[in-house]
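Okay, here's what each chain looks like letter by letter:
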Amino acid sequence: MNISSVYSNSPSGNSAPQQGAGVDSKIQSLEQKLQKLETEKQKAAQRKDEEQKEKLEKQIKEIEKQIQQLRKQENEKAQKTESSDIQKAQESSSKAIDAGKYIDVYA
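In this section: the nonpolar core. With eleven residues, the main nonpolar core is built from V23, I27, L30, L34, L37, A44, L56, I60, I63, I67 and L70. Every element with two or more residues in this core is listed here: α2 (16-47) and α3 (50-99). Here this core gets six residues from one element, more than from any other, and that element is α2. Ignoring sequence-local partners within four residues, the contact set of I27 consists of I67, L70, R71 and E74.

Below you can see the structure in the form of structure tokens.
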């Protein structure tokens, strides 16, 4: 039996990727919406419908802003997780060093 079959039901790594998956799906959804709006904007430009084109441009800018905010949040979470992991590693290594300081002496 290999290791991957033993842990097949458990997530690999920590739980951060699962949280990030929700953000990733939101970003993908917004990017798809953005593509549709870009297509509609091009059609409005071809029809010379300036009012519709301007309305679509505003929607596009708003969605781009939302995507930027989500990506920023995602990066901040990743940095916090990374710094937390580093801190835990430093704490465990200092505990391991402390464990070797004391020697039991039996008389």
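This part is about the pattern of salt bridges. Tallied over the full model, the rule gives three salt bridges. For the salt bridge of K41 with E38, the shortest nitrogen-to-oxygen distance reads 3.9 Å. Of this pair, K41 and E38 both sit in helix α2, three residues apart, which is roughly one turn of that helix. Overall, the relative accessible area of 27% leaves E38 in the partly exposed class.

What follows concerns the environment of K26. With respect to the helices and strands, K26 occurs in helix α2. Overall, K26 belongs to the exposed group, its relative accessible area being 51%. Residues K26 and I67, 41 residues apart in the sequence, show an inter-C-alpha distance of 8.4 Å.

Moving on: unusual backbone geometry. Here K48, not a glycine, exhibits a phi torsion of approximately 60°, which is positive. The topology assignment puts K48 in the loop between α2 and α3. A relative accessible area of 69% means that K48 is categorised as exposed.

Conventions adopted
Residues numbered from 1 in each chain as written. Predicted model: local features only at pLDDT ≥ 70, side-chain atom pairs only at ≥ 80, totals over all residues. Heavy atoms only, no water. Core = buried A, V, L, I, M, F, W, Y, C linked by side-chain atoms within 4.5 Å. Buried < 20%, exposed > 50% of the residue type's maximum accessible area, 1.4 Å probe, protein only. Helix = DSSP H or I, 4+ residues; strand = E, 2+ residues; numbered from the N terminus. Contact = heavy atoms within 4.5 Å. Salt bridge = Lys/Arg side-chain N within 4 Å of Asp/Glu carboxyl O.

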